[in-house]
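Residue strings, one per chain:
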Amino acid sequence: MMKHLDWVRYEARRVGLAGLLTPLLIMLAFSGFGLLMRANGVSPDRSTRAVVAGLEIGVATAAGLISATLASSDSLLELHLSLATRYRTTFARRLALMLGWTALVGIITTVVVRLIGHELAPVSLLAQQLVWLAPLACFTGIGAVLTLLLRSRSGAAAMIAGIWIAETLFGKVFGATTWLQPFFLFATSFTAGKSYWLGNRLELIAMGLLFGALALIWLKRNPSILLGGEG
């Protein structure tokens, strides 16, 4: 038990305070904005959308950026690649820690919203977890793969930012175009309640798992891929 706690504490330090606090701070900011809207007479449905945006657009995108950083942020990467504990294991631990903490923020937010009498989406409480889980999984997988592909944290971050901008600016187009719907990360924020929503959520989770598995396999087959890239 103590051994597990030791590596959790160590990996938490490696993820960094900024990485762990970012999801929480984003949700506090968006929730505060929602409360401000409510105090100014905005309808509950519209003010709740601020919380949805925080989870689906803010937290999920931040997770992708953090994932891109985790894959190549170890200052002792070259030494680590020579140790018995493979770097893919270390990366998986840090990713799991970040995802677990972010998931906790998402679950608590969803439950609190329900307790005060509102809903993130017109589905059951269990299904509402897909509001944040689907884009979180997809963005995290994309961030990891992009870092390995580009061998650059800044390059991966720029690509994730590009995806965020495209889907935010053309959200209505993604929601109205059948072949784009499976790739629409922000479906709840733009088109909550549409018939394709559940399928979209499950497809995004599948893509995230696929990208995550690809990243781990890539690190297993070519553990030195990050050497020589951007540190």
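What comes next is a walk through the structure. Note that the structure is a prediction, hence the values are computed from the model and not measured.

1. Quick look at helix α11 (residues 197-221)
An α-helix turns once per 3.6 residues; consequently, residues spaced three or four apart project the same way. With 25 residues, α11 should reach 36 Å at 1.5 Å per residue; the first-to-last C-alpha distance of 36 Å fits that figure. The complete set of buried residues in α11 reads Trp197, Asn200, Arg201, Leu204, Ile205, Met207, Gly208, Ala215 and Leu219.

2. Looking at the packing of helix α7 (residues 130-150) against α11
Orientation of α7 relative to α11, taken along the N-to-C sense of each, is 30°, at an axis distance of 7 Å. For the element pair α7 / α11, the angle class is roughly parallel. The hand of the α7/α11 crossing is left-handed. Per-class residue counts for the contact of α7 with α11 are 22 nonpolar, three polar and one charged.

3. Structural notes on the packing of aromatic side chains
This structure, assessed with the given rule, holds three aromatic pairs. With a centroid separation of 6.2 Å and 35° between ring planes, the pair formed by Phe139 and Phe186 is classed as tilted. Residue Phe139 is found in helix α7, and its partner Phe186 is found in the loop between α9 (171-176) and α10 (187-191); the two are separated by 47 residues along the sequence. Measuring from ring centre to ring centre gives 5.8 Å for Phe184 and Phe190, while their planes differ by 45°; the resulting arrangement is tilted. Take Phe184: its relative accessible area is 0%, and that puts it in the buried class. Assessed through its relative accessible area of 34%, Phe190 is described here as partly exposed.

Conventions we followed
- Residues numbered from 1 in each chain as written.
- Predicted model: local features only at pLDDT ≥ 70, side-chain atom pairs only at ≥ 80, totals over all residues.
- Heavy atoms only, no water.
- Helix = DSSP H or I, 4+ residues; strand = E, 2+ residues; numbered from the N terminus.
- Expected span 1.5 Å × (residues − 1).
- Buried < 20%, exposed > 50% of the residue type's maximum accessible area, 1.4 Å probe, protein only.
- Axes fitted to C-alpha atoms, helices over the stretch in contact; angles between N-to-C directions.
- Parallel < 35°, antiparallel > 145°, perpendicular 65-115°, else oblique.
- Left-handed = near helix turned anticlockwise from the far one by under 90°.
- Nonpolar A, V, L, I, M, F, W, Y, C, P; charged D, E, K, R; others polar.
- Phe/Tyr/Trp six-rings, centres within 6.5 Å; stacked < 30°, edge-to-face > 60°.

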